[in-house]
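Chain by chain, the residues:
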Amino acid sequence: MLKRYLLAPGPTQVPPEVLLAMATPIIHHRAPEFAELFGEVRKDLQWVFQTNNDVLMLASSGTGAMEGSVANFLSPGDKALCVNGGKFGERWGKICQAFGVQPIEIPVEWGHSVDPQQVADALKKDPSIKAVYVQASETSTGAAHDIKALADIVKPYEGTILVVDAITALGVFDIPTDAWGLDIVVAGSQKAFMLPPGLAFVSVSQKAWGLAEKSKNGAFYFNFKKERDSQRKNQTAYTPAVSMILGLKEVLRLMKTEGLPGMFARQGQLAHALRSAVEAAGLSLFPKGKASDALTVIAAPDGIDGQAVYKNLRVQYGITAAGGQDHLKGKIFRLSHMGYVDTFDVITAMAAVEMVLKGLGHPIQLGSGVAKAQALLMTPQ
Ligand SMILES: *Cc1c(COP(=O)(O)O)cnc(C)c1O
């Protein structure tokens, strides 16, 4: 028997209470019970997003909300600045192209964080740019971008919005939507939200709604204005993912019990412990800029194939992690600690990495990283 451990940067583990909530009988989405449920989760989502803006809920993976964040606000021929520091940054550019929007890419070496000055310079050079698209946490490399600095740069441009893909950031570290003035923030269910894949969330500011009034792009299913008008009445335009929303209600209850500061502290502590453990075991972290607390990205040691590490974790020890993508394939492997994760997930991950690397012939001292994680995660007496 091989017991399974899900430590991939999405989908992530789902708490048993949430699985049970999703197993309860379906309620009809036009019945009053649904409107009551929907009103409650909408209010609590605003709490997680730290906003008074509309937070729309969509039946899609995260990319659906990313697509809608282009289609509903920009028009063909518009220009958008896309921070491209990895697989997900690259996606912003591709979505723009699909809607006739001209992406001006700011290439960032994978693993690095964008230099906010580059965004400032680009906007100064061309103030007609309608939107700046960025990731708060670039999951393909483990790097975080400085969203607060970017928000301060974009804010004075009245015709420009800042759109933040916070899919592996919201619920992991502090991204206060209103305090920082973020126009659009996107999140997804299967990452820090501890739910199965299938729901996306997106907050939209007044400034962004103003841009939506002028957009000439067509959107039908992901029509944010239509959703806004329905969702403000606690209805969705089309059939919602009712069971997922029942699960979301339970997730939000768990989140409120822990509180935002408690959640950020736990996630930060786990990330710090695993990063320190990796270094104590003589391994190198991949991110060169600020590391995201959602996941730990480890550079494969010289002579070791990162894909073999990822594969052996799964085949030998039942641990689903992730490898690298594109030119990072074989060079890195990734372990998530976002969402429903605690001390022993991190210790399990570290122990297995040591065992796999030793098995592959890398000179690593068993227990060297684990001991560091244990020391850092011990409950204070
Ligand atoms: C997972 C993820 C997405 C969305 O991917 P989906 O497969 O559509 O849910 C987008 N951005 C980042 C940073 C992600 O980690």
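Small disclaimer: the values here were computed from a predicted structure and weren't measured.

### Quick look at the overall build of the chain
Next, step 1: For the chain, the count of helices and strands is 14 helices and 15 strands.
Next, step 2: Here the C-alpha atoms of the chain give a radius of gyration of 21 Å, agreeing with the 21 Å that 2.2 N^0.38 yields for 381 residues.
Next, step 3: The principal-axis extents of the C-alpha atoms in the chain amount to approximately 60 × 55 × 40 Å.
Next, step 4: Counting only residues that meet the buried cut, the chain has 57% of its 381 residues in that class.
Next, step 5: Accessible area for the chain stands at about 15500 Å²; split by element, carbon and sulfur atoms hold 55% of it.

### Remarks on the side chain of Ser-276
Next, step 1: Position of Ser-276 relative to the elements: it lies in helix 11 (residues 260-280).
Next, step 2: Of note is the side chain of Ser-276, whose polar atom sits 2.7 Å from the backbone oxygen of His-272.
Next, step 3: Once residues lying within four places of it in the same chain are set aside, the contact partners of Ser-276 are Lys-372 and Leu-376.

### What about the domain arrangement of the chain?
Next, step 1: For the chain, the assigned domains are domain 1 (16-257) and domain 2 (259-377).
Next, step 2: When the buried surface of domain 1 facing domain 2 is broken down by residue, Trp-110, Gly-142 and Val-172 rank first, second and third, together holding 25% of it.
Next, step 3: In this structure, the connection of domain 1 to domain 2 is made through one salt bridge.
Next, step 4: Notably, a salt bridge pairs Lys-87 with Asp-326, separated by 3.0 Å at the nearest N-O pair.
Next, step 5: Our count for the contact surface shared by domain 1 and domain 2 stands at ten residue pairs in polar contact (both at pLDDT 80 or more).
Next, step 6: Looking at the side of domain 1 that touches domain 2, the elements that each hand over two or more residues are helix 2 (32-49), helix 4 (87-98), strand 7 (143-144) and helix 10 (242-258).
Next, step 7: If you tally residues by element for the side of domain 1 that touches domain 2, the top one is helix 10, at three residues.
Next, step 8: For the side of domain 1 that touches domain 2, the residue count by class is eleven nonpolar, twelve polar and five charged.

### Topic: unusual backbone geometry
Next, step 1: In the segment running from Gly-10 into Pro-11, the intervening peptide bond is cis, with an omega of -5°.
Next, step 2: Tracing the chain through its elements places Pro-11 in the loop between strand 1 (5-6) and helix 1 (16-22).

### Re the packing of aromatic side chains
Next, step 1: Enumeration according to the criterion identifies eight aromatic pairs in this entry.
Next, step 2: An angle of 35° between the planes, with centres 4.7 Å apart, marks the rings of Trp-92 and Tyr-133 as tilted. Here Trp-92, found in helix 4, pairs with Tyr-133, found in strand 5 (residues 131-135); they are 41 residues apart in sequence, far enough to count as distant. For the pair formed by Trp-92 and Tyr-133, the shared burial category is buried.
Next, step 3: Counting every residue linked through ring pairs, the aromatic cluster contains Phe-220, Tyr-221, Phe-222 and Tyr-238.
Next, step 4: If you follow Arg-228 out to its NZ or CZ, it ends over the ring of Trp-209, 4.4 Å from the centre.
Next, step 5: Lying over the aromatic face of Phe-286, Lys-288 brings its terminal NZ or CZ to 4.1 Å of the ring centre.

### With respect to the sheet that holds strand 2 (residues 54-58)
What holds strands together in a sheet is hydrogen bonding between their backbones, with the strands either parallel or antiparallel.
Next, step 1: In spatial order, the strands read 2-10-9-8-5-3-4; together these seven strands make up an open sheet with mixed pairing. Edge strands, defined here as strands with exactly one partner in the open sheet, are strand 2 and strand 4 (102-107). Between one strand axis and the next, the sheet turns through 20° on average, direction left out of account.
Next, step 2: The sheet contact formed by strand 9 (residues 184-188) and strand 10 (residues 200-204) spans five bridges and is antiparallel. Residue pairing for strand 10: Val-186 is matched across the bridge by Val-202.

### Quick word on the packing of helix 8 (residues 206-214) against helix 9 (residues 224-231)
Next, step 1: It is the contact of helix 8 with helix 9, at a shortest axis distance of 11 Å, that shows an interaxial angle of 125°. It follows that helix 8 is oblique to helix 9 by the angle criterion. Contacts from Trp-209, Ala-212 and Glu-213 in helix 8 reach Phe-224, Lys-225 and Arg-228 in helix 9.
Next, step 2: Broken down by class, the residue content of the contact of helix 8 with helix 9 amounts to three nonpolar, no polar and three charged.

### Some points on the pairing of strand 10
Next, step 1: Burial of strand 10 is extensive: five of the five residues sit out of reach of the surface.
Next, step 2: Residues Ala-200, Val-202 and Val-204 of strand 10 are buried on one face, and the alternating residues Phe-201 and Ser-203, pointing to the opposite face, are buried as well.
Next, step 3: Sheet analysis places strand 2 next to strand 10, joined by five bridges and oriented antiparallel. In the sheet register, Leu-56 faces strand 10, and the bridge partner there is Val-202.

The rules behind each value
- Residues numbered from 1 in each chain as written.
- Predicted model: local features only at pLDDT ≥ 70, side-chain atom pairs only at ≥ 80, totals over all residues.
- Heavy atoms only, no water.
- Helix = DSSP H or I, 4+ residues; strand = E, 2+ residues; numbered from the N terminus.
- Rg over C-alpha atoms; globule rule 2.2 N^0.38 Å.
- Buried < 20%, exposed > 50% of the residue type's maximum accessible area, 1.4 Å probe, protein only.
- Areas by Shrake-Rupley, 256 points an atom, 1.4 Å probe, with all protein chains shown as cover.
- Polar contact = N/O pair within 3.5 Å; in protein donor to acceptor, adjacent residues only side chain to side chain.
- Contact = heavy atoms within 4.5 Å.
- Domains from an automatic or database assignment.
- Buried area = accessible area lost by both parts, 1.4 Å probe.
- Salt bridge = Lys/Arg side-chain N within 4 Å of Asp/Glu carboxyl O.
- Nonpolar A, V, L, I, M, F, W, Y, C, P; charged D, E, K, R; others polar.
- Phe/Tyr/Trp six-rings, centres within 6.5 Å; stacked < 30°, edge-to-face > 60°.
- Lys NZ or Arg CZ within 6 Å of the ring centre and 35° of its normal.
- Pairing = 2+ DSSP bridges.
- Axes fitted to C-alpha atoms, helices over the stretch in contact; angles between N-to-C directions.
- Parallel < 35°, antiparallel > 145°, perpendicular 65-115°, else oblique.

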